[in-house]
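Structural characterization, general
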Protein chains: 2
Amino acid sequence: MPSRSPAASTRATLRPLGLDGTRITGGFWASRQERNAAAAIPRGQDQLEEAGNLLNLRLAAGIGQGEAIGPVFADSDVYKWLEAVAWEYGRNPSDDLLRRQRELTAVVAAAQREDGYLDSVVQLRDGDEGRYQQLVWSHEHYCAGHLIQAAVAQVRCTGDTALLDVAVKLADHLVRTFGDGDDQIRDVDGHPVIEMALVELYRETGTAAYLELARWFVETRGHGIIAEHGHEPTYFSDRLPVREATTVEGHAVRAVYLGAGATDVAVETGDAELLAALEGQFAHMWATKTYVTGGLGSRWDGEAFGDEFELPPDRAYAETCAAIGGIQWAYRLLLATGNPSYADAIERMLYNGFLAGVSLSGDEYFYVNTLHLREHAHADNNRSPAHGRRGWFSCACCPPNIMRTLASLDAYLATTTGEGVQLHQYADSTITTDAVELRVETDYPWDGAIRVTVVRTPSTPWSLSLRIPAWAENATVDNKPVDAGSYASVTQTWSPGDTVDLHLPLDPRTVTPSPRDDAARACAALERGPLVYAFEQIDQSTPLDDAHLPNAPIDAAHDPALLDGITTLTTDTLKAIPYYAWANREIGTMRVWLPRE
Amino acid sequence: MPSRSPAASTRATLRPLGLDGTRITGGFWASRQERNAAAAIPRGQDQLEEAGNLLNLRLAAGIGQGEAIGPVFADSDVYKWLEAVAWEYGRNPSDDLLRRQRELTAVVAAAQREDGYLDSVVQLRDGDEGRYQQLVWSHEHYCAGHLIQAAVAQVRCTGDTALLDVAVKLADHLVRTFGDGDDQIRDVDGHPVIEMALVELYRETGTAAYLELARWFVETRGHGIIAEHGHEPTYFSDRLPVREATTVEGHAVRAVYLGAGATDVAVETGDAELLAALEGQFAHMWATKTYVTGGLGSRWDGEAFGDEFELPPDRAYAETCAAIGGIQWAYRLLLATGNPSYADAIERMLYNGFLAGVSLSGDEYFYVNTLHLREHAHADNNRSPAHGRRGWFSCACCPPNIMRTLASLDAYLATTTGEGVQLHQYADSTITTDAVELRVETDYPWDGAIRVTVVRTPSTPWSLSLRIPAWAENATVDNKPVDAGSYASVTQTWSPGDTVDLHLPLDPRTVTPSPRDDAARACAALERGPLVYAFEQIDQSTPLDDAHLPNAPIDAAHDPALLDGITTLTTDTLKAIPYYAWANREIGTMRVWLPRE
């Protein structure tokens, strides 16, 4: 039975433990999950009501009369919110969550057409004749994909099958409707996500047709199918077949969702060639098209990846959803390969490019995560970071995407194999497999000391593997040096009460850009542990846009009163805070990269 | 009577001489004008036919049946082409040009509605009820403005009044329709240009109502009128009243067309406060939002100006039309103030940001003028410079805009005042006023020697003023040092055959960016005379994206066989060509800014 986890593969190299096996119990992420549950999720439902997303589904269900409101992908925001509710229920069951979920699930089920089709906006605006008429823009599969993901989360975390029934009916409809058959439609959605969703539904139900359809969507893409509709294919990740692409391009969220789904397909079909291609694409993206924050996508125009090393800090798009998709892709590659660099990538995206997308209060959001906001920046776009974080957006993809990510974050901590347990991300937590129970205690990311205590163990030897981040030079396990950028394994016969002490040195680091990263030339940024730092004008005594980073020692000091408790870095007269925490006091000049003196 | 010139003001500080008083006779620009006449203008008519712009007007004229094709502003491309034909006829009358012009003018006249309204796309798509329903997007005034500009050029250069009759009828309709009256529409076009056009029609006809309507459009903008339609106002230069703005923002072409039109209004109404505001806006644009090439607009998203010092070379939009609008604005400020910095700005835009927009063959175009094309750049947009120049665009604003600019370029050379004659731009040319005739001989911009010979002169003393560009340190007039960034004047009694020798030193210059120009930090660019240089991969022996500009002497050498004859700059192993000439051999890596060693 699949675990209470996203990407619950049984064929991957590493086996996910899911929410039943990993549990964040305190510390940095726990407080964010609490706010997600207490503030973001309830407010999210109100926002979905206000914006009309819920109204659309009620109208499609025959409750009331009116016209569809909002963008074509409006349903997807509801499904992402439902998914968040399911994962949150898996962490902390509550009657309130169950009630909200069941009420909304009933509306979704009622909105579904008899033959399994479901897309409230198309149903209301175009009727049955409007189905799949312009799949390149309509997001019909995109909405279906998010529904399926929510359904899988729901059954895994609550046992409720109501949404799963809808998802299966919808997936069966898709299986009948799309393919190479004479009476089938040969087309793909302009916005991937259905691929990941169908593979996960296959994992949940065992229905091979879902995996086959996911495979067909992945393989059909990139053969001119979108260009036939008169669109330039790059934006839609349709310029090349997935297995021939050597980089990511076009709309960043689409590209990384496709990468994640194709990785799922490669794993479940045992397609080593496809997996190798995807590893190459991710590596090229990480080396040439990723901001130091893990932000993905440097072009506002088309919300897109740019050319190699086109990484302007001031015009970074770095959509919060792209970081989330990047985390999902890296997680699937980590499970598939066991390569610690993917866990490093998850860490960088999670603590920086992703986390900056949500306010300390938990319920205000950045759509765009810039690395430089100038003096006199003009907020000439709804999504401009110069507005500060906002409670919602007319295109509201990011907020519920953040909610579902925070609610399912526990699942990213650890995996298991026949050899033992692997810890990938560090937090106060309990890790439980069939035979082993571990307690992890740490004040990470503020402190680099991580203690793992064995609570329960079989009498036979097994390996405890600890990720040593690539940045962690001079790390030790039980005071013995270990290699950065690897898993340090302790293999022995364990007894309850045994401890392992990992120490990750958190000396502040000055990082410099690639020589080809033109827009950050002659600059440096500060990092400490997994955190990238930023300078805000409010902390400086002179104009930040004229400041230079001195060649001087950097001091780290923890300030429990500042920004919910952060470690600041100071050098000469300049003071930096973790990037994720910026724009929580005022909106002013902010820089990640500073010119070197 | 207004001269055969754009912006034929009689109230400005400097009086334009127009095509009747200035004539380029040979050299750098003459060969470009020849290709414009021989290749671009005829091919342009074919393109307008193919793309449907001419069909739209014929359909609106009742010739044939069908639906409007193309963007809402399709008519404007026809009018810009008609304007180019008129100016070209003013330079070189030909039966062919006259025939083309008269045939097309007849179609335009037949397409006009009885009451003066004219917009073929609105007429065909929405009928009379569709007029001015969404002026923020419909470009109805924009098309009217270009028609009026074409009509004024036509009557000035051919004497034909056929298009002027259409323009007057249309302008009278606008005067009746727009204003603060109870039965009038209080709205402005989302895309300025009508302001410039109405002032010019006022200059041509003396009808004060046209100037008043232009003034009303300028003054009505920026008071929330566009925001009322639900649009963010910045894009449309509508966030602030023109006289309160301190910079340019939003869509670059819109912003500079508005600046030019508002300058016309300020001059003709004697509004010193408005003129001062416009001078401040231009100065702020030039200091903080202009590329070294004179390119304007750094954002693909919204084709817009960015924040201060947001000038990424790789993502420069620098639309060719924005450089043209910038030249028009600077020219009007030059006439209004006599300040040589505006003639310097015209020179920089003309030789670089504008001229790169057209191929050496004269009939292929860049829409977007980047300052850096990377290795492996992907051409994922119709307008991407990675495609190289193209014969036409679905949004074809730039090609006919280039045509009309080249055909009317003579007018930018010189002006007159009561004191004498001012030379602003240098070319082989004849300059004629009522009393004076001059011959200018030069191989500029390749050679800095410029000889002015007096051909005809009154017997009373007058001043010959020569612009000394700000870059021209150590310039001399008749071997006597003169100040860079000023007009050097020779005041005397002249005799036919008298000569004045201006020498502008053309030593190669290494220029560095502003310390706040983050994207060009630690880089330098090369210039010589008015030309900004670029490095193309084809001229280098190592990868350009890894190259550094050495601290070494720069040699200039003229190569008459290369790219129609250019002066190259070489330093160490690197070779540079004038920026305007790039992408005429192959499309490969190109850089204007190079990291300094």
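Please read all numbers here as calculations on a predicted model, not as lab measurements. Counting starts from 1 at the beginning of each chain's written sequence and moves along it residue by residue. All chains are assigned letters beginning at A, and all ligands numbers beginning at 1, according to the order in which they are written. Two thresholds apply to this predicted model, a pLDDT of at least 70 for residue-level local features and 80 or more for giving and counting side-chain atom pairs, whereas whole-chain, interface and lining totals are computed over all residues. Excluded from the side-chain calculation are hydrogens and water; included are all heavy atoms of the structure.

**Here we look at the relation of the copies chain A and chain B**
The atoms used to superpose the copies are C-alpha atoms, taken from residues with pLDDT of at least 70 in both, and the fit is least squares. Mapping chain A onto chain B leaves a residual RMSD of 0.0 Å; the transformation is a rotation of 180° accompanied by 0.0 Å of translation along its axis. Taken together, the rotation and translation relating the two chain copies correspond to the operation of a two-fold axis. In this description, contact between two residues means that some pair of their heavy atoms is separated by no more than 4.5 Å. Looking at the interface residues of chain A, 100% of them are also at the interface in chain B, so both copies use one shared face.

**Quick word on helix α10 (residues 194-205) of chain A**
Residue and element names in this part refer to chain A. Only DSSP runs of H or I with at least four residues qualify as helices, and only runs of E with at least two residues qualify as strands; both kinds are numbered from the N terminus onward. Working rule for helices: expected span equals 1.5 Å times residues minus one. The end-to-end C-alpha distance of α10, which contains 12 residues, comes to 16 Å, matching closely the 16 Å that a straight helix rising 1.5 Å per residue would cover. Note on exposure labels: buried denotes an accessible area under 20% of the residue type's maximum, exposed denotes more than 50%, and partly exposed covers the range between, all computed with a 1.4 Å probe on protein chains only. Among the 12 residues that make up α10, 10 are buried, leaving the element largely enclosed by the rest of the structure. Turning to α10, its buried residues are I194, E195, M196, A197, L198, V199, E200, L201, Y202 and R203. At its buried positions, α10 is contacted by α8 (140-158), α9 (162-177), α11 (208-220), α12 (252-269) and α14 (320-337). Remark: G206 follows α10 within two positions and exhibits a positive phi of approximately 80°.

**So, the pairing of strand β18 (residues 531-536) of chain B**
Residues and elements named next belong to chain B. Within β18, 6 of the 6 residues are buried, leaving the element largely enclosed by the surrounding structure. Residues L531, Y533 and F535 of β18 are buried on one face, and the alternating residues V532, A534 and E536, pointing to the opposite face, are buried as well. Here, a strand pair is defined by DSSP locating no fewer than two bridges between the strands. When strand β17 (residues 523-528) meets β18, the two strands line up antiparallel, connected through 2 bridges. Paired with R528 across the strands is L531, a residue of β18. Following β17, the chain reverses through 2 residues before pairing antiparallel with β18; G529 in that reversal takes a positive phi of roughly 55°. Where β18 meets strand β21 (residues 574-578), 3 bridges bridge the pair, whose relative direction is antiparallel. By the bridge assignment for β21, A534 is matched with I577. Bridge count between β18 and strand β22 (residues 590-591): 2 bridges; the pairing is antiparallel. Considered in β22, the bridge of E536 is made with M590.

**Thoughts on the sheet that holds strand β13 (residues 480-481) of chain A**
Residues and elements named next belong to chain A. Ordered in space as β2-β8-β9-β10-β15-β12-β13, the 7 strands form an open sheet in which the pairing is antiparallel. Each edge of the sheet is formed by a strand with only one pairing partner; in this case those strands are β2 (22-26) and β13. Pairing of strand β10 (residues 449-456) with strand β15 (residues 499-503) involves 5 bridges; the strand directions are antiparallel. By the bridge assignment, A449 is partnered in β15 with H503.

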